[in-house]
Amino acid sequence: MLVQAEKNLATVFPSLLAVFLMTALLLQPAFGQEAISNPQDVPDIIELSIRMMALQRADKYAEALPLGVQALVMSELTLGPDHPTVAIFADNLAVIFTRLRRNDEAEPMFLKAMRIRKNFFGPNHPSVAHTMTHMAIMYRGAGQGAKAERLFLQVLTMQENGVGGDDPTLAYTLNHLGVLYRADRRYDEAEPLFLRAVAILEKRLGPNHGALPEILENYAVLLRATSRNPEAQRMDTRAQTIRDINQEKGEKELRPY
């Protein structure tokens, strides 16, 4: 449940978090932890998370920040500091800090989420890779390419050894690493990553899946940088076609997390 709740955080987080929190209420002893100290606060945490994510979807990160802090504090007091739900809020708060370019405050939140998840689920769990990916994106945005590359490569290894070499989550990591290499003008290393990411999504999710446009457009930027404009135009045209198809179906575009 936790992993599924995190795969598309921006759209499914509130409803699945509600299920997770209510399950935590009932199964706390099974987690090997003490009973929830303030069970009456669980509905408040759920309501807080729904408001917080609505603001994030609207790109109102400054307004979401105090709600994110409050949700983290309440979850720690209610569930205990090492509960996996606390890791969800710590990771999400770190993402908010990253969006606000407050990386010095984001980094300890990512590390906190990673520590909880490693201790609870093990070092190779998908939720650990999820936080590592967010942290790598932060480093990439801050121009710390070496740190970002190291994390992305660790995540790739974890995913290939865990979910397998053709899982969609692997495609998202390939895309992120490709963007990093492209920015460093390591085009020969970036191109096969984009191609592999596209191939995985086409195979597993279909040729018109909503996560494809962004990857196709990232690849198009590389093609233009290497003077292959006709190929780049084909990628952009295909990306827009996929968007149009999904819009007609009423489906939202999915961004690789």
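Calculation criteria
- Residues numbered from 1 in each chain as written.
- Predicted model: local features only at pLDDT ≥ 70, side-chain atom pairs only at ≥ 80, totals over all residues.
- Heavy atoms only, no water.
- Helix = DSSP H or I, 4+ residues; strand = E, 2+ residues; numbered from the N terminus.
- Buried < 20%, exposed > 50% of the residue type's maximum accessible area, 1.4 Å probe, protein only.
- Contact = heavy atoms within 4.5 Å.
- Areas by Shrake-Rupley, 256 points an atom, 1.4 Å probe, with all protein chains shown as cover.
- Expected span 1.5 Å × (residues − 1).
- Salt bridge = Lys/Arg side-chain N within 4 Å of Asp/Glu carboxyl O.
- pLDDT = per-residue confidence, 0-100.

With that settled, the discussion passes to the overall build of the chain. The helix and strand tally for the chain stands at 12 helices and zero strands. Secondary structure elements in the chain, listed N-terminal to C-terminal, are α-α-α-α-α-α-α-α-α-α-α-α. Counting across all 257 residues of the chain, residues that qualify as buried make up 49%. Sequence separation of 24 or more characterises 61% of the internal contacts of the chain that already satisfy a separation of 6 or more. Surface summary for the chain: the accessible area is close to 12200 Å², and the carbon and sulfur share equals 53%.

Next up on the list: helix H9 (residues 168-183). Between its first and last C-alpha, H9 extends 23 Å over 16 residues, near the 22 Å set by a 1.5 Å rise per residue. Here H9 lies mainly inside the structure; 15 of its 16 residues are buried. The positive-phi residue at the C-terminal boundary of H9 is Arg185, with phi of around 65°.

The periodicity of an α-helix, 3.6 residues per turn, causes residues three or four places apart in sequence to face the same way. When the terminal C-alpha atoms of helix H8 (residues 145-162) are compared, their 25 Å separation across 18 residues agrees well with the 26 Å that a helix rising 1.5 Å per residue should span. Regarding H8, the residues found buried are Ala148, Glu149, Leu151, Phe152, Val155, Leu156, Met158 and Gln159. With its phi angle positive at about 110°, Gly164 sits one or two positions after the end of H8.

This next bit is on the pattern of salt bridges. Pairs can form between side chains of opposite charge once their charged atoms are near each other. In the structure shown here, the tally under the stated rule is 13 salt bridges. Of the charged contacts in the structure, one is a salt bridge between Arg204 and Asp166, with a shortest N-O distance of 3.5 Å. On the criterion of sequence distance, the pair formed by Arg204 in helix H10 (residues 187-205) and Asp166 in the loop between H8 and H9 is long-range, its members being 38 residues apart. Using a relative accessible area of 27% as the deciding quantity, one classes Asp166 as partly exposed. A salt bridge links Glu217 to Arg243; its shortest N-O distance comes to 2.6 Å. Taken together, the residues Glu217 in helix H11 (residues 212-225) and Arg243 in helix H12 (residues 229-249) connect sequence positions 26 residues apart.

What follows concerns the confidence of the model for the chain. Predicted confidence across the chain gives a mean pLDDT of 85, with 81% of residues reaching 70 or more. pLDDT under 50 marks residues 1-15. Its contacts with residues more than four places away, or in other chains, come to 35 contacts. Confidence over residues 29-35 falls short of pLDDT 50; this stretch has 11 contacts with residues more than four positions distant or in other chains.

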